[in-house]
Amino acid sequence: QVQLVESGGGLVQPGGSLRLSCVASRSIFSFALMGWYRQAPGKEREWVASIYKSGITSSADSAKGRFTISRDNAQNTVYLQMNSLKPEDTAVYYCKAVGRTSQNYWGQGTQVTVSS
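Summary of the structure given here.

1. Some details on the environment of Cys22
1) Next: Residue position: Cys22 is located in strand S3 (residues 18–24).
2) Next: Taking the C-alpha atoms as reference points, Cys22 and Leu80, separated by 58 residues in sequence, lie 8.6 Å from one another.
3) Next: Beyond its immediate sequence surroundings of up to four residues, Cys22 is in contact with Leu4, Val5, Glu6, Met34, Trp36, Asn76, Thr77, Val78 and Cys95.

Here's what the structure looks like:
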């Protein structure tokens with residue numbers, strides 16, 4: 001069974017930065033892609049950014065220019081660097097991995113709160 005463990009969330013002021021981490025229980029090269037999603041109170045879960053096995057990345061318009069997804073293969077870890085945070089970025093952030101036969105794996109989530 002795959003486990004994904006997120007960390008790095010917290011309370012930050014508007015304009016601040018956070019780096020989220022997602023550690024996988026097996027090599028991240030075993031996944032077709034890994035990504036970050038978020039869910040704000042009363043809203044649907046939305047995609048934030050993805051990194052494919054090839055290393056190609058993509059991100060939602062709301063994240064472009066502020067958030068960067070990256071990985072450390074040796075540590076089986078995917079990161080989400082978030083800069084210039086806004087109150088509307090407040091959400092629970094989830095890590096997702098997609099297996100080679102399209103199985104979806106989710107982490108438990110980490111809370112990000114942007115507030116003064």
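Now that the structure has been shown, the text picks up again.
2. Looking at the sheet that holds S3
The pairing of strands in a sheet happens through backbone hydrogen bonds and is either parallel or antiparallel.
1) Next: Here 4 strands make up an open sheet; going across it, the order is S1-S3-S8-S7 and the pairing antiparallel. Bordering the open sheet on either side are strand S1 (4–7) and strand S7 (67–72), each of which pairs with just one other strand. The mean angle between the axes of side-by-side strands here comes to 15 degrees, regardless of whether they run parallel or antiparallel.
2) Next: Pairing of S7 with strand S8 (residues 77–82) involves 6 bridges; the strand directions are antiparallel. For Thr68, the partnering residue across the bridge sits in S8 and is Gln81.

3. Points about the packing of aromatic side chains
To describe a pair of aromatic rings, you give the distance between the ring centres and the angle between the ring planes.
1) Next: Inspection of every chain in the model, using the stated rule, returns 3 aromatic pairs.
2) Next: Ring geometry for Tyr94 versus Trp106: centroids 6.4 Å apart, planes at 85 degrees, classification edge-to-face. You can see Tyr94 sitting in strand S9 (residues 91–99) and its partner Trp106 sitting in strand S10 (residues 104–106), a full 12 residues away along the chain.
3) Next: Members of the aromatic cluster, joined through ring pairs, are Tyr37, Tyr94 and Trp106.
4) Next: Geometry around Tyr79 places Arg19 over its ring, the cationic atom sitting 4.1 Å from the centre.
5) Next: It is Arg45 that lies over the ring of Trp106; its NZ or CZ is 4.6 Å from the centre.

4. Description of the state of the cysteines
Here, disulfide denotes a covalent bond that connects the sulfur atoms of two cysteines.
1) Next: Taken as a whole and judged by the stated rule, the model has 1 disulfide.
2) Next: Between the sulfur of Cys22 and that of Cys95 lies a disulfide, 2.1 Å long from S to S. On the S-S bond that ties Cys22 to Cys95, the torsion sits near -75 degrees, and the link is left-handed. Here Cys95 lies in strand S9 and Cys22 lies in strand S3, a separation of 73 residues in the sequence. With respect to burial, Cys22 and Cys95 carry one shared label: buried.

5. Things to note about the pattern of salt bridges
1) Next: The full count for this structure, using the stated rule, is 4 salt bridges.
2) Next: With a closest N to O distance of 2.9 Å, Arg38 and Asp89 form a salt bridge. With Arg38 in strand S4 (residues 31–39) and Asp89 in the loop between S8 and S9, the pair connects residues that are 51 residues apart, well separated along the chain. Comparing Arg38 with Asp89 shows no difference in burial state: the two are buried.
3) Next: For the salt bridge of Arg66 with Asp89, the shortest nitrogen-to-oxygen distance reads 2.7 Å. With Arg66 in the loop between strand S6 (57–59) and S7 and Asp89 in the loop between S8 and S9, this residue pair connects regions lying 23 residues apart in the sequence. For the residue pair Arg66 and Asp89, the accessibility class agrees, reading buried in each case.
4) Next: Three or more residues are tied together by salt bridges with common partners; here these are Arg38, Glu46, Arg66 and Asp89.

About the criteria used
- Residues numbered from 1 in each chain as written.
- Predicted model: local features only at pLDDT ≥ 70, side-chain atom pairs only at ≥ 80, totals over all residues.
- Heavy atoms only, no water.
- Helix = DSSP H or I, 4+ residues; strand = E, 2+ residues; numbered from the N terminus.
- Contact = heavy atoms within 4.5 Å.
- Pairing = 2+ DSSP bridges.
- Axes fitted to C-alpha atoms, helices over the stretch in contact; angles between N-to-C directions.
- Phe/Tyr/Trp six-rings, centres within 6.5 Å; stacked < 30°, edge-to-face > 60°.
- Lys NZ or Arg CZ within 6 Å of the ring centre and 35° of its normal.
- Disulfide = S-S within 2.5 Å.
- Buried < 20%, exposed > 50% of the residue type's maximum accessible area, 1.4 Å probe, protein only.
- Salt bridge = Lys/Arg side-chain N within 4 Å of Asp/Glu carboxyl O.

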